[in-house]
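The residues making up each chain are set out below.
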Amino acid sequence: MTTSAPTQKTQIDTRFRSATIPPRAGAGLKPAHVDAILNDDYRIGFLEVHAENYMGDGGAPHRALTAIREQFPISVHGVGLSIGSENGLDNTHIERLKSVVDRYEPGLVSEHLAWSTHDNSYYNDLLPVPYDQPTLDRVCTHIDVVQNTLKRKILLENPSTYLQFEQSTMSETDFVREIAQRTGCGLLLDINNVFISATNQNYKPMTYLSEFPLDRVEEIHLAGHATDTDDEGDTLLIDAHDRPVDDAVWKLYDIVIGQIGPMPTLVEWDNDVPEWPVLRREAKLADEILQRRAETYMLGTRHAAVG
Amino acid sequence: MPLSARPSSKEMADPMSLAVFSSALSDPQTGTPDGLVGPDGKKAAKRFNVYRNNVTVGLIGALADTFPAVQRLVGEQFFEAMARVYVQTEPPSSPLLFRYGDGFADFLEHFEPAQHLVYLPDVARLERAWLDAYHAADAPVLAPEALSTVAPEDLADQRFDVHPATRIIRSRFAAISIFSANRMSDTVPSIDTSVAEDGLITRRDTEVEIRHLPPGAAAFFSALVDGQPLGAAAEVAVSKAEDFNLASAIGAMLEAGVFTGLADTGRGEADEPDPE
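Treat the numbers as computed from the prediction; the structure is a model and nothing was measured. (Residues numbered from 1 in each chain as written. Chains lettered and ligands numbered in written order. Predicted model: local features only at pLDDT ≥ 70, side-chain atom pairs only at ≥ 80, totals over all residues. Heavy atoms only, no water.)

## Observations concerning the overall build of chain B
- For chain B, the count of helices and strands is ten helices and six strands.
- Seen along its three principal axes, the alpha-carbon backbone of chain B occupies a region of about 85 × 50 × 30 Å.
- When burial is assessed residue by residue, chain B has 49% of its 276 residues classed as buried.
- Across chain B, every contact between residues at least 6 apart in sequence was considered, and the portion connecting residues at least 24 apart equals 65%.
- As displayed, chain B has an accessible area near 13200 Å², and 51% of this comes from carbon and sulfur atoms.
- When the 22 positive and 40 negative side-chain charges of chain B are each reduced to one mean point, those points stand 14 Å apart. (Helix = DSSP H or I, 4+ residues; strand = E, 2+ residues; numbered from the N terminus. Buried < 20%, exposed > 50% of the residue type's maximum accessible area, 1.4 Å probe, protein only. Contact = heavy atoms within 4.5 Å. Areas by Shrake-Rupley, 256 points an atom, 1.4 Å probe, with all protein chains shown as cover. Lys, Arg positive; Asp, Glu negative; His and termini not counted. Charge placed at Lys NZ, Arg CZ, Asp CG, Glu CD.)

## Some points on the interface of chain A and chain B
- Counting from both sides, the interface comprises 62 residues of chain A and, opposite them, 68 residues of chain B.
- The tally of links from chain A across to chain B stands at five salt bridges.
- Here D234 of chain A ties to K42 of chain B by a salt bridge, and the two come within 2.5 Å at their closest N and O atoms.
- Remark: the boundary between chain A and chain B carries 23 residue pairs in polar contact (both at pLDDT 80 or more).
- For the side of chain A that touches chain B, the element with the most residues is strand β6 (residues 121-127) of chain A, which contributes seven residues. (Salt bridge = Lys/Arg side-chain N within 4 Å of Asp/Glu carboxyl O. Polar contact = N/O pair within 3.5 Å; in protein donor to acceptor, adjacent residues only side chain to side chain.)

## Describing the packing of helix α6 (residues 191-201) of chain A against helix α8 (residues 247-260) of chain A
All names here are of chain A.
- Look at α6 against α8: their axes get within 9 Å of each other, and the N-to-C directions meet at 120°. The angle between the axes of α6 and α8 places the two elements in the oblique class. Relative to α8, α6 is oriented so that their crossing is right-handed. Residue-level contacts link I191, N192 and F195 of α6 to A248, V249, L252, Y253 and V256 of α8.
- Class assignment of the residues belonging to the contact of α6 with α8 gives a composition of seven nonpolar, one polar and no charged. (Axes fitted to C-alpha atoms, helices over the stretch in contact; angles between N-to-C directions. Parallel < 35°, antiparallel > 145°, perpendicular 65-115°, else oblique. Left-handed = near helix turned anticlockwise from the far one by under 90°. Nonpolar A, V, L, I, M, F, W, Y, C, P; charged D, E, K, R; others polar.)

## Quick word on the confidence of the model for chain A
- Here chain A averages 93 in pLDDT, and 92% of its residues register 70 or above.
- In this model, residues 1-13 of chain A is a region of pLDDT below 50 whose contacts with residues beyond four sequence positions or in other chains number 18 contacts. (pLDDT = per-residue confidence, 0-100.)

## Regarding the sheet that holds strand β13 (residues 265-267) of chain A
Residues and elements named next belong to chain A.
- Strands sit in the order β1-β2-β3-β4-β7-β9-β10-β13 around a closed barrel of eight strands; the barrel is parallel. If you compare each strand with its neighbour and ignore which way they point, the axes differ by 30° on average.
- With three bridges connecting them, strand β3 (residues 74-77) and strand β4 (residues 108-112) associate as parallel partners. Its bridge partner being in β4, H77 is matched across the sheet by S110. (Pairing = 2+ DSSP bridges.)

## Notes on helix α8 (residues 217-225) of chain B
Residue and element names in this part refer to chain B.
- Summarising burial for α8: seven of the nine residues are buried, a large majority.
- Of the positions making up α8, those classed as buried are A217, A218, A219, F220, F221, A223 and L224.
- The positive-phi residue at the C-terminal boundary of α8 is G227, with phi of around 100°.

## Concerning the packing of aromatic side chains
- One pass over the structure, following the stated rule, counts 22 aromatic pairs over all chains.
- With 5.4 Å between their ring centres and 80° between their planes, W115 of chain A and F21 of chain B make a pair best called edge-to-face. Residue W115 of chain A is located in strand β5 (residues 115-118), and its partner F21 of chain B is located in helix α1 (residues 18-26); the two belong to separate chains. Comparing W115 of chain A with F21 of chain B, the two get one shared label, buried.
- An angle of 65° between the planes, with centres 6.1 Å apart, marks the rings of F79 of chain B and F104 of chain B as edge-to-face. Here F104 of chain B lies in helix α5 (residues 104-110) and F79 of chain B lies in helix α4 (residues 76-89), a separation of 25 residues in the sequence. Across the pair, exposure class does not vary: F79 of chain B and F104 of chain B are buried alike.
- Three or more aromatic residues joined by ring pairs make a cluster, and in this case those are F67, F78, F79, Y86, Y100, F104, F107 and F111 of chain B.
- Above the face of the Y42 of chain A ring, K284 of chain A is positioned so that its terminal group lies 5.2 Å from the ring centre. (Phe/Tyr/Trp six-rings, centres within 6.5 Å; stacked < 30°, edge-to-face > 60°. Lys NZ or Arg CZ within 6 Å of the ring centre and 35° of its normal.)

## Examining the side chain of D242 of chain A
All names here are of chain A.
- Structurally, the position occupied by D242 is in the loop between β12 (235-238) and α8.
- For D242, a relative accessible area of 18% corresponds to the buried category.
- One polar contact links D242 to R243, side chain to side chain, over a distance of 2.8 Å.
- If we ignore the near neighbours within four places in the chain, the residues touching D242 are G224, W269, N271 and D272.

## Topic: the nonpolar core
- One finds I220 of chain A together with F21 and M82 of chain B to be the most contacted residues of the largest nonpolar core, which totals 145 residues.
- Taken together, domain 1 (1-117) and domain 2 (139-276) of chain B each give at least three residues to this core, which thus spans both.
- Aside from chain neighbours lying at most four places away, what touches I220 of chain A is L188, L189, I191, Y253, V256, I257, I260, M263, P264, T265 and L266 of chain A. (Core = buried A, V, L, I, M, F, W, Y, C linked by side-chain atoms within 4.5 Å. Domains from an automatic or database assignment.)

## Observations concerning the sheet that holds strand β5 (residues 209-213) of chain B
Residue and element names in this part refer to chain B.
- As summarised here, the arrangement of the three strands in space is β3-β4-β5, forming an open sheet in which the pairing is antiparallel. Bordering the open sheet on either side are β3 (167-171) and β5, each of which pairs with just one other strand. Going from strand to strand, the sheet's axes swing by 25° on average, the running direction of each strand aside.
- In this structure, β3 lies alongside strand β4 (residues 197-202), joined through five bridges in antiparallel fashion. Paired with R167 across the strands is I201, a residue of β4.
- Sitting on the sheet, α8 touches β3, β4 and β5, and the angle it makes with β3 is about 145°.

Listed below in structure tokens is the structure:
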């Protein structure tokens, strides 16, 4: 249909360099940081993007991500698939996710153990699911569909929760382990979420971690949280992603890396996003722990127990 | 498994449909659904409100991202209250939040507290169109010299392929000036809001561009976008504005990148198959 425009060489048959996410620190990609990241002497290990932000047809977002992808491995993190949904998955949305994955060849693809859509309303939040048999079956079926469509393994992220369902019949760690075993999916361990949920639900994060199927973990998330109180004045932590990673979360992270060895680690900062150097500082802190633990890990301390 | 991480109730509760959770999220008048608890079965009203708040604040934030000029015009507090009503009335149906707010301009038309800002709905329409153009598919724009390949006697019959980012906005108010002043500068000049304005949104590369259109030009471009040939579009334009300047409209059209190419009319280069 065009006549005078020069023949366009399409990007489709261009293969990016390595897709593999190294066991290093990465950062959640924000449009405002793109130029700083591309021009930084510090080469971040990888960048992670929310899949939904790249589901537009074209324009600046794709231009920026293509420039990033030409220099860095990326991971794609979905926030809108609603895997815990009670009335099925949106096939159109899975196809959109597939387009993003096909286009950018990410090293890892992940989603959440949560729901966000019901009856054609999208809630823009990661809402909790009951840990019971019908929900387990449903989530497993949904993950099978996603993995079959994408023709690859996805990672499932543990949620941050503020309450629980009385109808739950199993623990979150049993629930997650069962999903991983049945679907073959990997796990994304969000240590900030572990700390938040443990505080909010009144159990010890180390207990949770000791029961979590760490052998299935292929990526770690770290982020900052806010502090509030519940109806009775007890601490209620909010998964705000709006500040540096908490010291308690760094400590847990250090222990987990000591246990499972170096692992791709994403620092998320989604609200009140600071200048790139502030986020970079968080990434460097993770890099330091990864490096230190890599040395001892090589010396054979991998059997040190968690907790 | 730690006992503390177990569900708190000894007997299995009746399963709760997520539909109950869902409708309680959207209706702040409803209490916390039965079956949702804190640790040791303690009540979870504030806990449930965290989810309610996340949903509402998140969607209000999405609207503020899409409609920054509207927000600036009414102020942050007013915008938040107004957006809160819209979020309740018309929640998004898609996880693609950059598409949320199609009905926001129409909502503003009927939002009583903002009725005195008569131009507000048009500014919202412009902002929505701007973001649609921002995310539109990439496409090469029609090269100016392409038009010279058309024989003069065929020019009036020539049709064009519209660029995916192209939008034409017609306002009974000075919506384009108001939009530009509130999105692109720190200080807002005095604007006579009652002057009707037409605007053209295009995207030659990745940057969205907005132009004021002279009288007749909006009708001209709209006709071309609808697939009418150049001659007929010019006639429409002249019927709307006697002083319509065809040469300068064509110049603006080529400069702005309204079209991607000459539509196939069965002549000349337009016969060549698409290179793809």
